[in-house]
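Coordinates in review
One letter stands for each residue in the lines below.
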Amino acid sequence: MWIKFAIALIPIIWLIISLGVMRMSAARACIIGLVLTVLLAIFSFKLSVPNTLTAALEGIIMGIWPIMFVIVAALFAYNVTTESGGMKTIQDMLAAISTDKRIIVLIIAWGFGGFLESIAGFGTAVAISAGILISFGLEPIQASVISLIANTTATAYGAIGLPILTLGEVTNLNQVSLSFLVSLQLCILVVLVPFILVILTGGGLKAIKGVGFITLMSGLGMAIPQVIAARFVGAELPAIAGSICSTAVTIWLTKWHKDEKESEVERPDNKTLLKACSTFILIFIFVILASSLVPPVNNLLNKVTTNLVVYTGKNPNTLSISWLSSPGTLILIATLIGGTIQGVSFKRMMQILGKSIKAVGMTTVTVCAIVGLAKVMVYAGMTDALAVALVSLLGPVYPLFAPLIGALGTFLTGSATSANVLFGNLQLSAATDLGVNKYWVVASNMTGATAGMLSPQNIAVATGAIHREGDEGEILKETVKWGSLYLVVCCVFLYITGLLTGMI
């Protein structure tokens, strides 16, 4: 058992060393990791060459659809809205609320950042939020740390739910059930993070004084709609609904608090604002219409589906490509309509789409390689070997450490989606071996993977946004402190809750 464990661990160790120590590019490290995994599967786990190669091919196809398709569509939506000036209008609307830096951080980093994460994902929220906060007088390093910490819980539902949708795909578990459990697991963190942001902004616990209630409601305004959307719709809408409600609640309470001075930034008129938000409003509407909440539309769209069996070995997965109901398709259509409303020509939108595709070239290589690697590990039995050994070593307390495995995935890859691809099946195998609720343990991987403030790649995005390359160590020093607290709360809360509810 332990020999197989050691061999199966080699690809993981390679990723840790290449990404964390050697600082190799993610694309190169993952390609080498895929080749290494293929060789180990063939020569050590005796998976035939055709089966190994088709396992990798299945992963590569999954990397393109739906993962990269959704990434490109989300980036396209963001870029078109930026081109039209709509994103600047949205920023101005949020900036016109208050001069209190604590309130600004709750609105920009937490609310607006959560919204950007829900739409675009992949570092967009960190880069934009940090730049805006600096313009309001925050120190660059401080703005980066705040933006990184704010960009945690929403990543579970980033890029229109891509991480959870992918987790459901790779583990063959129902994504609505996974989405609901993740929203419940994240509740305490969603309420805690806004307080951390206020403390960091004001320089200590005293900063909470005067805005404590607003901070609490900002967290609850995110958590409650997130749970409701996750329960009744799935993974596509929780972060969108939560961020919009949280921002609205924070703004309303700030306006109600008469001691607050008005910002000097002029608020855009409602017509301009509605036009600027048109793409995101349409995405919201289309996702709901295509969801199980509207069965006639959902069933009609799902009829246009292609089923593929790629793996040539035993018990292959069937890849279902839903051409019309895919979040990527819905985002593309919404963006084309929204962009037209905002005055962007079709020709210009096609140019932006082309640039969006080119911009994620290396990300495509990374994602396809990491999904291919994960699929080979699953079919070869390497994931099972890791799970059996970890369960044997940790026994009944394994679920306590399950979120840390998800966090390790994000640390290595810089992506919650990739963390789910890498370790989703490991968590599933461990839960099966332990005889505990598989949905709870697999969801724990996603919950732990939201600790993206610890990822060197995400920190690099932050330093690049504020033009402070070389200061990654200073930012990491601060994020490690808060990231450790985040993970301790996460692990303990999930373990105790799991025991009390009979999930573990």
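Residues numbered from 1 in each chain as written. Predicted model: local features only at pLDDT ≥ 70, side-chain atom pairs only at ≥ 80, totals over all residues. Heavy atoms only, no water.

By the naming in an unreviewed UniProt entry, the protein chain goes by L-lactate permease and is assigned to Lactobacillus amylovorus subsp. animalium. What UniProt records for the protein chain under Sequence similarities (unreviewed entry) is the sentence "Belongs to the lactate permease family." Turning to the protein chain, the UniProt record has this under Subcellular location (unreviewed entry): "Cell membrane". (UniProt positions renumbered as here; feature names shortened; annotations may be inferred.)

1. Concerning the overall build of the protein chain
Of regular secondary structure, the protein chain possesses 23 helices and two strands. The principal-axis extent of the C-alpha atoms belonging to the protein chain is close to 70 × 50 × 45 Å. Per-residue burial over the protein chain gives 59% buried out of 504 residues. Taking the contacts inside the protein chain whose residues are at least 6 apart along the sequence as the reference set, 78% of them involve residues at least 24 apart. Side-chain charges in the protein chain split into 27 positive and 21 negative, and the spacing between the mean points of these groups amounts to 5 Å. (Helix = DSSP H or I, 4+ residues; strand = E, 2+ residues; numbered from the N terminus. Buried < 20%, exposed > 50% of the residue type's maximum accessible area, 1.4 Å probe, protein only. Contact = heavy atoms within 4.5 Å. Lys, Arg positive; Asp, Glu negative; His and termini not counted. Charge placed at Lys NZ, Arg CZ, Asp CG, Glu CD.)

2. Focus on helix α11 (residues 238-256)
Here α11 spans 27 Å end to end across 19 residues, near enough to the 27 Å set by a 1.5 Å rise per residue. Of the positions making up α11, those classed as buried are Pro238, Ala239, Ile240, Ala241, Gly242, Ser243, Ser246, Thr247, Thr250, Ile251, Leu253 and Thr254. Buried positions along α11 lie against α4 (86-95), α5 (101-119), α8 (158-171), α9 (175-202), α10 (212-232) and α13 (278-290). (Expected span 1.5 Å × (residues − 1).)

3. Topic: the nonpolar core
Generally speaking, soluble globular proteins have nonpolar side chains that are buried together. Of all hydrophobic cores here, the largest spans 169 residues; its most connected members are Phe112, Leu133, Ile149, Tyr157 and Ile283. In terms of residues, this core owes the most to one element, helix α3 (residues 49-84), which gives 15 residues. Sequence-distant contacts of isoleucine 283, that is, excluding residues within four places in its chain, are made with Ala77, Ile119, Ile160, Ile331 and Ala334. (Core = buried A, V, L, I, M, F, W, Y, C linked by side-chain atoms within 4.5 Å.)

4. With respect to the packing of helix α15 (residues 327-341) against helix α16 (residues 346-359)
The contact between α15 and α16 brings their axes to 10 Å, and the two run at 135°. What the angle tells us is that α15 and α16 run oblique. Regarding α15 and α16, the two cross each other, and that crossing is right-handed. Taking contact as the criterion, the partners of Leu332, Thr335, Leu336, Gly339 and Thr340 in α15 are, on α16, Phe346, Met349, Met350 and Leu353. Its residues assigned to classes, the contact of α15 with α16 shows six nonpolar, three polar and no charged. (Axes fitted to C-alpha atoms, helices over the stretch in contact; angles between N-to-C directions. Parallel < 35°, antiparallel > 145°, perpendicular 65-115°, else oblique. Left-handed = near helix turned anticlockwise from the far one by under 90°. Nonpolar A, V, L, I, M, F, W, Y, C, P; charged D, E, K, R; others polar.)

5. Topic: the packing of α9 against α10
Taken N-terminus to C-terminus, the directions of α9 and α10 make an angle of 170°; their axes are 8 Å apart at the nearest point. Accordingly, the angle class assigned to the pair α9 and α10 is roughly antiparallel. Contacts between α9 and α10 involve Val176, Ser179, Phe180, Ser183, Leu184, Leu186, Cys187, Val190, Val191, Pro194, Phe195 and Val198 from the former and Gly212, Thr215, Leu216, Gly219, Leu220, Met222, Ala223, Gln226, Val227, Ala230 and Arg231 from the latter. In terms of residue class, the contact of α9 with α10 is built from 16 nonpolar, six polar and one charged.

6. Some remarks on the packing of aromatic side chains
Applying the stated criterion to the full structure yields five aromatic pairs. Ring centres of tryptophan 2 and phenylalanine 5 lie 5.6 Å apart, and the angle between their planes is 85°; this geometry places the pair in the edge-to-face category. Of this pair, tryptophan 2 and phenylalanine 5 both sit in helix α1 (residues 2-21), separated by three residues, roughly a single helical turn. Of the residues examined, tryptophan 2 reaches a relative accessible area of 43% and is grouped as partly exposed. (Phe/Tyr/Trp six-rings, centres within 6.5 Å; stacked < 30°, edge-to-face > 60°.)

7. With respect to the pattern of salt bridges
For side chains bearing opposite charge, pairing can occur when the charged atoms are close. Evaluated as defined, the whole model comprises five salt bridges. The shortest N-O distance in the salt bridge between arginine 348 and glutamate 83 comes to 3.2 Å. Here glutamate 83 lies in helix α3 and arginine 348 lies in helix α16, a separation of 265 residues in the sequence. In this structure arginine 348 comes out as partly exposed when scored by relative accessible area, which is 24%. Taking relative accessible area as the criterion, glutamate 83 reaches 40% and is therefore assigned partly exposed. Among the salt bridges present, the one from arginine 102 reaches aspartate 100, with a minimum N-O distance of 2.8 Å. The same class applies to arginine 102 and to aspartate 100, which are both buried. (Salt bridge = Lys/Arg side-chain N within 4 Å of Asp/Glu carboxyl O.)

8. Quick look at a nonpolar patch on the surface
Among the surface-exposed residues, Ile13, Ile16, Ile17, Val21, Met22, Leu408 and Phe411 lie close enough to one another that they form a single nonpolar patch of about 550 Å² accessible area. Going through the elements one at a time, α1 and α19 (398-413) are the ones with two or more residues in the nonpolar patch. No other element matches α1, which puts four residues into the nonpolar patch. Turning to its location among the elements, isoleucine 17 is positioned in helix α1. (Patch = residues over 30% accessible without salt bridge, like charges linked within 9 Å, V, L, I, M, F, W, Y side chains within 5 Å. Areas by Shrake-Rupley, 256 points an atom, 1.4 Å probe, with all protein chains shown as cover.)

9. Some details on the side chain of lysine 375
With respect to the helices and strands, the residue lysine 375 is situated in helix α17 (residues 361-380). For lysine 375, a relative accessible area of 4% gives the class buried. When near neighbours in sequence (up to four residues on either side) are disregarded, lysine 375 contacts Ala55, Glu58, Gly59, Met62, Val170 and Asn317.

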